[in-house]
Amino acid sequence: MVAAPSLIPLPLSVTPVDAPGLALTAETEITGETDAVAALHGILLDLDLDLGFGLDRAPAGDGGHVELSVDGDGDPESYRLEVDASGVRVRGADAAGLFYGVQTLGQLVAAADAGLLPSVRIADAPRFAYRGVMLDVARHFHPVETVEAYIDRAAGLKFNHLHLHLSDDQGWRLASASRPLLTERASGTSVGDDPGGFYTQDDYRRIVAYAAARHMTVVPEIDLPGHTHAVSLAYPELTEQPVLAPHVLETVEAYGGGIPTHGEPYRGLAVGFSSLRIHAEETYAFVTDVLRELADLTPGHYLHIGGDEALGTPAADYAAFVARVTRIVADLGKVPVAWHEAGAATDLAPGTVGQYWGFVTPTDGMDDKTRTFVRRGGRVILSPADAVYLDMKPTDDFPIGLTWARGVTSVERAYRWEPVEVIDGVAEADILGVEAPLWTETVRDLSDIDALAFPRIGAAAEAGWSPRTGTHPDRTWESFRARLPVISRYWRRRGYGA
Ligand code: TNX
């Protein structure tokens, strides 16, 4: 028996072949789809492999052949990869599939001893259509370059959606032509004493294009009707006074940051105190303007309206608001996405997607709310906080991160959960996919992002891409743990602070 190579996320099928593999040398020829050749070239450059690989290189002798092609054969995003002594063939069913085959090849190359690729046959396809990462650019603003770097990391793990949390109590991060005061007045600060910032619409387009080139779709979120304190700095007439309920005062006490004041920047970590004015018609004109601009800027199908932790909004008002706003999104031609709380409303726009952020074992009726989306013909994105929230501390003494999701989230806890077992009544076909959020209250820059994301982002990738637990002998924590050191070396060689 030849050992299977270490790969993350685990492919559908890997068949090691007991035969000589391919020695990669300066004479190895790489041909095929231009984008895929460039993607492989980028990985090889990161790996600093002195093989003379290059786009403009014409190898002289017979050093084997790496051929990257799209052949239309198979499910979306699937690929086949074969290595033998004569070369490597990667065939994608589509361009995304080929891109993922190249990512797998990168991991194989990095693990190859002295440039000798093992002989192997791989057939691979994703379990779920939606595999997401979320970056909160509101609590701490993160510049375009940081977002691009995170896209690189995620795309290498076969994630295909980037959810950007663009607004929150602490700041509004995307310029709006119709409501210019949002970024003029409400983007200057972040949590603590850190500077704020915002994206121009061109910056946003750059992020969308960078993501698209790596087969990732941007899912923008404007968080409504809570998490809207920043709006009070720009358009105070649209927002209520902060609700200083006990849960808010508790978080102020626990985390500091002071009491939120209407119209003043908020630099703390409390949640659930802000609300748009639900009964003011101007509120819906505002929401429509902002969402229309966002829909126009966004080629992807999804538009996220938040809806989480609106603890300062009366329940009936909240339900009426999310029902109305999901319809606004649908009328703009997009599929609305909302955090699971929006499932409290029974008349959401049909097809609204729900994002579940409760625990792996649901509490407080969060599973009931999540089932509403399925009843309304929508599907569910699973983001169980005690498994895939990348902002939870991985160890007790970790310098950054939070602990509210049942304490420390070890790599093992991040790995050991099975999507179809989270919510009764939400079956495989009801699950759109898996998303790993990274909230940034304690996350100031790319090195903080890397420190929290790695290696747990690999576990989330496997939950979204790889076969269901129990259906494949290597879809186990023991196997993942054994593969991790090899892939961690690969991440470090690519310059990720893993
Ligand atoms: C909860 S879970 C939030 C965010 C915080 C996060 C911190 C959810 C939809 N909302 O507002 O940033 O916890 O982990």
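Since the structure is predicted, the reported quantities are computational estimates derived from the model, not experimental observations.

**Observations regarding a nonpolar patch on the surface**
Then, in step 1: On the surface, Leu 244, Leu 249 and Ile 259 cluster together into a nonpolar patch covering about 240 Å² of accessible area.
Then, in step 2: Positionally, Ile 259 belongs in the loop between helix H7 (246-255) and helix H8 (281-297).

**Comments concerning the domain arrangement of the chain**
Then, in step 1: The assigned domain composition of the chain is domain 1 (13-124) and domain 2 (130-469).
Then, in step 2: The straight-line distance from the C-alpha centre of domain 1 to that of domain 2 is 37 Å.
Then, in step 3: Contact residues are listed per partner, giving 10 residues for domain 1 and nine residues for domain 2.
Then, in step 4: Carbon and sulfur atoms make up 54% of the area that domain 1 and domain 2 hide from each other, which totals about 810 Å².
Then, in step 5: A per-residue breakdown of the area domain 1 buries against domain 2 is headed by Glu 77, Phe 99 and Tyr 100, which together make up 57% of the total.

**Observations concerning the site of the ligand**
Then, in step 1: The immediate surroundings of the ligand are formed by 13 residues, with Arg 139, Tyr 389, Asp 391, Trp 404 and Glu 441 found nearest.
Then, in step 2: At 2.9 Å from a nitrogen atom of the ligand is found a side-chain nitrogen or oxygen belonging to Asp 308.
Then, in step 3: Taking Glu 441, its side chain carries an N or O atom lying 2.5 Å from an oxygen atom of the ligand.
Then, in step 4: Protein coverage of the free-state accessible area of the ligand, which is 370 Å², stands at 97%.
Then, in step 5: Across the shell around the ligand, the residue classes break down as seven nonpolar, one polar and five charged.

**Observations regarding the packing of helix H14 (residues 456-465) against helix H15 (residues 477-493)**
Then, in step 1: Packing of H14 against H15 leaves a shortest axis separation of 11 Å and a crossing angle of 120°. Between H14 and H15 the crossing geometry is right-handed. Residues Gly 458, Ala 459 and Glu 462 of H14 form the contact with H15, whose own contacting residues are Phe 480, Arg 483 and Trp 491.
Then, in step 2: For the contact of H14 with H15, the residue count by class is three nonpolar, one polar and two charged.

So, how was this worked out
Residues numbered from 1 in each chain as written. Predicted model: local features only at pLDDT ≥ 70, side-chain atom pairs only at ≥ 80, totals over all residues. Heavy atoms only, no water. Patch = residues over 30% accessible without salt bridge, like charges linked within 9 Å, V, L, I, M, F, W, Y side chains within 5 Å. Areas by Shrake-Rupley, 256 points an atom, 1.4 Å probe, with all protein chains shown as cover. Salt bridge = Lys/Arg side-chain N within 4 Å of Asp/Glu carboxyl O. Helix = DSSP H or I, 4+ residues; strand = E, 2+ residues; numbered from the N terminus. Domains from an automatic or database assignment. Contact = heavy atoms within 4.5 Å. Buried area = accessible area lost by both parts, 1.4 Å probe. Near = heavy atom within 4 Å. Polar contact = N/O pair within 3.5 Å; in protein donor to acceptor, adjacent residues only side chain to side chain. Nonpolar A, V, L, I, M, F, W, Y, C, P; charged D, E, K, R; others polar. Axes fitted to C-alpha atoms, helices over the stretch in contact; angles between N-to-C directions. Left-handed = near helix turned anticlockwise from the far one by under 90°.

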